[in-house]
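# Coordinates in review
Each chain, letter by letter, is given below.
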Amino acid sequence: MKDGEMIAAVLLKLSKGNLRFLSDHKTDANFFVFDRRCSQADWREFFQLLLQTVQSKNWTLTLNHQPHWADYMKTFYQVGKESGLYWQNIPYSVCPILEKESPKALFDEINGSRELRYRVNRLKNQDQAEFEVLADDSDLDRWVEEFCSSHVLRWADTPTPSGYKPQASRNFLKECLRAWHEDGLLLRFAVKVAGNRIGFVVGLREENSLIHHSTTFHPDFKKQSPGKALILFMAEWMSKNGYSTLDFGDGNESYKYTVAKEEHQVNRIFAAPKYHLAFIIRTQVIKSVKGQSAVYNLYQNKIKPAFRNIKRQLADFTILSFS
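Residues numbered from 1 in each chain as written. Predicted model: local features only at pLDDT ≥ 70, side-chain atom pairs only at ≥ 80, totals over all residues. Heavy atoms only, no water.

## With respect to the pairing of strand β8 (residues 186–193)
Across the eight residues of β8, eight count as buried, placing the element largely inside the fold. Here β8 shows a buried face lined by L186, R188, A190 and K192 and a second buried face lined by L187, F189, V191 and V193. Judged from the five bridges that link them, strand β7 (residues 130–134) and β8 form a sheet pairing that is antiparallel. Bridge pairing in β8 links L134 to R188. As paired strands, β8 and strand β9 (residues 196–206) are joined by eight bridges and run antiparallel to one another. Paired with V191 across the bridge in β9 is G199. (Buried < 20%, exposed > 50% of the residue type's maximum accessible area, 1.4 Å probe, protein only. Helix = DSSP H or I, 4+ residues; strand = E, 2+ residues; numbered from the N terminus. Pairing = 2+ DSSP bridges.)

## Re the sheet that holds strand β5 (residues 60–67)
With mixed pairing, the ten strands of this open sheet are ordered in space as β2-β3-β5-β12-β6-β11-β10-β9-β8-β7. Sheet topology places β2 (12–15) and β7 at the edges, where each strand pairs with a single neighbour. Along the sheet, successive strands turn relative to each other by an average axial angle of 25°, direction set aside. In the sheet, strand β6 (residues 86–99) pairs with strand β12 (residues 262–272) via eleven bridges, with the strands oriented antiparallel. Bridge pairing in β12 places I90 opposite R268. Running over the sheet, helix α8 (residues 277–290) touches β3 (18–21), β5, β6 and β12 and is turned about 40° from β6. (Axes fitted to C-alpha atoms, helices over the stretch in contact; angles between N-to-C directions. Contact = heavy atoms within 4.5 Å.)

## With respect to the pattern of salt bridges
Summed over the entire model, instances satisfying the criterion amount to 21 salt bridges. Note that K100 and E109 form a salt bridge whose closest N and O atoms lie 3.7 Å from each other. Taking the relative accessible area as the measure of exposure, E109 reaches 30% and is therefore partly exposed. (Salt bridge = Lys/Arg side-chain N within 4 Å of Asp/Glu carboxyl O.)

## Some points on unusual backbone geometry
One non-glycine residue, H65, lies in positive phi territory at about 50°. Tracing the backbone shows H65 in strand β5. Even without glycine at this site, D157 takes up a positive phi of about 60°. Inspection of the secondary structure puts D157 in the loop between α5 (140–155) and α6 (167–182). D157 gets classed as exposed once you look at its relative accessible area, which sits at 83%.

## What about the pairing of β3?
Here four bridges tie β2 to β3, and the two strands are oriented antiparallel to one another. Its bridge partner lying in β3, L14 is registered against L19. Between β2 and β3, which pair antiparallel in sequence order, lie two residues; one of them, K16, sits at a positive phi of approximately 55°.

## Overview of the layout of surface pockets
In this structure, the second largest pocket spans a volume of roughly 1700 Å³. As for the second largest pocket, its lining consists of 46 residues, of which A29, F31, F32, E206 and I211 are closest to the centre. Secondary-structure elements contributing two or more residues to the lining of the second largest pocket are β4 (33–34), β6, α6, β9, β10 (209–217) and β11 (245–247). The element best represented in the lining of the second largest pocket is α6, accounting for five residues. Residues belonging to the lining of the second largest pocket are distributed by class as follows: 24 nonpolar, ten polar and twelve charged. (1 Å grid on protein atoms, 1.4 Å probe; cavity = no way out; pocket = protein on both sides within 12 Å on 5 of 7 lines; lining within 4 Å. Points joined across faces, edges and corners; volume = space filled by probe spheres on them. Nonpolar A, V, L, I, M, F, W, Y, C, P; charged D, E, K, R; others polar.)

## Topic: the side chain of R197
Looking at where R197 falls in the secondary structure, it is placed in strand β9. A polar atom in the side chain of R197 sits 2.7 Å from the side chain of E132. Apart from the residues lying within four places of it in its own chain, the contact partners of R197 are E132, L134, D139, R142, W143, E146, S150, A190, V191 and K192. (Polar contact = N/O pair within 3.5 Å; in protein donor to acceptor, adjacent residues only side chain to side chain.)

## Description of the packing of aromatic side chains
On inspection of all chains with the given rule, the structure shows 24 aromatic pairs. Summarising the aromatic geometry, the rings of F21 and F32 are spaced 5.3 Å apart at their centres and angled 70° between planes, so their arrangement reads as edge-to-face. In this pair, F21 sits in strand β3 while F32 sits in the loop between β3 and β4, placing the two residues eleven residues apart along the sequence. Relative accessible area serves as the criterion here: at 5%, F32 is assigned to the buried category. Members of the aromatic cluster, each reached through a chain of ring pairs, are F21, F32, F34, W43, F46, F47, Y72, F76 and W87. Over the ring of W155 we find R154, and its NZ or CZ is 4.0 Å from the ring centre. (Phe/Tyr/Trp six-rings, centres within 6.5 Å; stacked < 30°, edge-to-face > 60°. Lys NZ or Arg CZ within 6 Å of the ring centre and 35° of its normal.)

## Brief notes about helix α2 (residues 73–82)
Every buried residue of α2 is listed here: M73, T75, F76, Y77, V79 and G80. Looking at the buried residues of α2, the elements they touch are α1 (40–57), β5, β6 and β12. A positive phi of about 85° marks G84, the residue just after α2.

## Thoughts on the packing of helix α4 (residues 114–127) against helix α7 (residues 226–241)
The geometry of α4 relative to α7 is characterised by a closest axis approach of 8 Å and an angle of 105° between their N-to-C directions. Considering their axes alone, α4 and α7 lie roughly perpendicular with respect to each other. Seen from α4, the contacting residues are E115, L116, R117, R119, V120 and L123; seen from α7, they are P226, K228, A229, I231 and L232. A class-by-class count of the residues in the contact of α4 with α7 yields seven nonpolar, no polar and four charged. (Parallel < 35°, antiparallel > 145°, perpendicular 65-115°, else oblique.)

The quantities given are spatial measurements derived from coordinates; they are silent on function.
Shown next as structure tokens:
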């Protein structure tokens, strides 16, 4: 607070003595919120108070999806190093982007892809597909059910099955979409064949950027690549509505690089009083594994999905046991 006015804020969740961003539940990047008038000194004071609180409360701090490109991040890194806490800032992931000088230049760049033009034309000519963009909350219930059902089918029998099988997960997604709509951020893009949606993208507005937040498609249409076709449709919409940056969000999936030319780095930050030995050891293991690409790929593609599947199976078993 400054002169009785809130100028900086963060929403965190405390669980078993560890602080995390509340937005970890549904995010590509977790930001601190600062008033535009904040100075570097204000940033420094905010981060000092945060880390002093962690120290005094004997908490640990795990900050996922930290945007390395945020203007306040260098200040945060410096404050962390000076804090006297155990401190680690680990490169974790990337957000691929395509940024151009104008909306028209963005569309021209994406429209120059023969592959994307082919995907669109094939869907239109062979499947009589229609492309849809919804900026309101119309047909939201059906849209979410079609999205989730397609997502479940798309990832069935893979190492990473969909998390949208439980109704509770579908309800959570729906409420996220409603909240984003109420804030004027949400756009829903889709491909429809015979009246049914078979390709989906959840888009979020951010100044002159459109964030390609979440996507899926019905596996019966895998060869048609509706997800890639939607990239060109989105670019056309962006050119007409003043958006010059397409941000593909967290993750280096190959389809993003059909058009993405740059990457924004996303980090993980760990901090704790230096006597939290178990937390420190765990963090050092994460740092070590992350630094070895072969080991990290094994963890990401085999070990982590296996543990995730076990947790989901246990949750499903618990639900069945009490239903």
